[in-house]
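Listed below are the residues making up each chain.
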Amino acid sequence: MTFDKVYQYNFPTTIRFGAGAIKELPAYLQQHGLKRALIVTDPTIAALPFFRGIVADLHANSISAEVFSDIHKNPVKSDVYKGTEIWDDTGRDCVIGIGGGAALDVARAIVLRTSHRADLFKYDDLIGGDVYVTNEVPHFITVPTTAGTGSEVGRSAIIADDETHQKKILFSPKLMAKIVFADPMLTMELPPFITAATGMDALTHNMEAFLAKNPHPLCDGIALEGISLIKDALEQAVNKPDLQSRSKMLMASMMGAIAFQKGLGVVHSLAHPLSSLLDTHHGLANAVNIPYGMEFNIAGFEDKFRRIARTLELKEETGAAVVQYLFNLNSKINIPHHLSDIGVKSEHIDKLADMALADFAHPNNPKPVSREDFKQLYLKAL
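Below or above, wherever it landed, is the structure these notes cover. (Residues numbered from 1 in each chain as written. Predicted model: local features only at pLDDT ≥ 70, side-chain atom pairs only at ≥ 80, totals over all residues. Heavy atoms only, no water.)

## Details of the overall build of the chain
Item 1. Within the chain one finds 14 helices and nine strands.
Item 2. In terms of overall dimensions, the chain is globule-like: its C-alpha atoms have a radius of gyration of 20 Å, near the 21 Å expected for 382 residues.
Item 3. For the chain, the C-alpha atoms occupy an extent of roughly 60 × 45 × 35 Å along the three principal directions.
Item 4. Counting across all 382 residues of the chain, residues that qualify as buried make up 58%.
Item 5. Taking all contacts inside the chain whose residues are at least 6 apart in sequence as the whole, residues at least 24 apart take part in 76%.
Item 6. As displayed, the chain offers around 15000 Å² of accessible surface, 53% of which is attributable to carbon and sulfur atoms. (Helix = DSSP H or I, 4+ residues; strand = E, 2+ residues; numbered from the N terminus. Rg over C-alpha atoms; globule rule 2.2 N^0.38 Å. Buried < 20%, exposed > 50% of the residue type's maximum accessible area, 1.4 Å probe, protein only. Contact = heavy atoms within 4.5 Å. Areas by Shrake-Rupley, 256 points an atom, 1.4 Å probe, with all protein chains shown as cover.)

Structure below.
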């Protein structure tokens, strides 16, 4: 398969994938009678030449584009409310999310809020709030610029409370994008650190989805293929990127997001509190924790780890070999091995353990995780 042309996939939504796919955006909007777009992105993306080029291309095709980029790197409720005010004040007719997980989560939450004006967290899926998502929502388009969260093909947004920093999940099939323009050329200029951190996020999604306790053979197959693509591409994408490696990582990122509808696990519950408490980049938090979380899961699930090892083409098809592979991979892409290297101190551990226990991801872990387990995992990783 070559990546210098545009392919179409119709799973789980319409995906236009390949170099140059973004050039199709203006014609798509025109075909659907959409003339006043709200573009949601982050402050970094908003300043980049390729983003300005996308906006200019829309203007050249008589499409008005209002840009909202005033968001946190770990999105909070107030980001969504500010973006919705822009929607209200400027009379938009569609939402285009352009960026990584933060921008796409805020974009999706704005899509929800435009037609659902109760308190945003009334719609929290963890308390059954999805049943209140009943109204029609605006036309929603996603354009990923990182290969990590795969949020472009998702149906949920993770938004934190401004005060408590507790993360909430806003979920509904209505929140899936109508179309994804997945253009690997938009990821070519990503710096090595972001490529590494987001790439490890994608690997964590695929590995945790495969291990998650809910039976879902379709997701298992997708997750293993995602792992295989990352094995082939991540180190190259970080250290000497080319179209092939960037394309494989973008595809693997989407596959991880499709697969983790099955569930996630202990690694994400270790990572989420780091972002909430210390504002750690989500991908970096996953990257540092994944070897320790995978090691915790080996006992009792040796067959699953054998399949992961086989997919990674390791000489020894064992869980221990998978864990060593993860440490080695982190070294090759300049990810530290210890939490102390990313600002975690011993005095943080008890609070982090409390937050990890309250997190939504670990109930789908293949084995139960207690508060003491979380504390010991943090201490081991420190």
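That was the structure; now back to the text.
## Quick word on the sheet that holds strand E3 (residues 36-40)
Item 1. Taken in spatial order, the seven strands make up an open sheet running E1-E2-E9-E6-E5-E3-E4, and their pairing is mixed. One side of each edge strand has no neighbouring strand; the edge strands of this open sheet are strand E1 (7-10) and strand E4 (64-68). Geometrically, the sheet is characterised by an average inter-axis angle of 20° between neighbouring strands, direction not taken into account.
Item 2. Examined bridge by bridge, E1 and strand E2 (residues 14-17) share four bridges and lie antiparallel to one another. Within E2, the position partnered with glutamine 8 by the bridge is arginine 16.
Item 3. The strands that helix H4 (residues 77-90) touches are E3, E4 and strand E5 (94-99); relative to E4, the one it contacts most, it runs at about 155°. (Pairing = 2+ DSSP bridges. Axes fitted to C-alpha atoms, helices over the stretch in contact; angles between N-to-C directions.)

## Description of helix H8 (residues 243-259)
Item 1. Compared with an ideal rise of 1.5 Å per residue, which puts 17 residues at 24 Å, H8 spans 24 Å between its outermost C-alpha atoms and is within 8% of the ideal.
Item 2. Most of H8 sits inside the fold, with 15 of its 17 residues counted as buried. (Expected span 1.5 Å × (residues − 1).)

## Re the side chain of threonine 145
Item 1. Relative to the helices and strands, threonine 145 resides in the loop between strand E6 (139-144) and strand E7 (156-160).
Item 2. Residues in contact with threonine 145, not counting those within four places in the same chain, are Ile45, Phe50, Ile98, Gly99, Gly100, Leu186, Thr187 and Leu190.

## Description of helix H12 (residues 319-332)
Every α-helix winds through 3.6 residues per turn, so residues three or four apart in the chain are directed the same way.
Item 1. A rise of 1.5 Å per residue sets the reference length of H12, with its 14 residues, at 20 Å; its end C-alpha atoms lie 20 Å apart and thus fit the reference within 8%.
Item 2. For H12, the full list of buried residues reads Gly319, Ala321, Val322, Val323, Tyr325, Leu326, Phe327, Leu329 and Asn330.
Item 3. For H12, the elements touching its buried residues are helix H6 (192-211), helix H7 (217-239), helix H10 (282-297) and helix H11 (302-311).
Item 4. Asparagine 334 sits one or two positions beyond H12 and adopts a positive phi of about 65°.

## Things to note about the pattern of salt bridges
Side-chain pairing between opposite charges can occur once the charged atoms of the two side chains come close.
Item 1. One pass over the structure, following the stated rule, counts 16 salt bridges.
Item 2. The salt bridge involving glutamate 136 is made with lysine 174; its shortest N-O contact spans 3.3 Å. Placement of glutamate 136 in the loop between helix H5 (101-115) and E6 and of lysine 174 in the loop between strand E8 (167-171) and strand E9 (179-182) is noted, with a sequence separation of 38 residues between them.
Item 3. For lysine 174, a relative accessible area of 29% translates into the label partly exposed.
Item 4. A salt bridge links lysine 262 to aspartate 220, with the nearest nitrogen and oxygen atoms 2.5 Å apart. Residue lysine 262 is found in the loop between H8 and helix H9 (266-278), and its partner aspartate 220 is found in helix H7; the two are separated by 42 residues along the sequence. (Salt bridge = Lys/Arg side-chain N within 4 Å of Asp/Glu carboxyl O.)

Shape descriptors only; they carry no functional weight alone.
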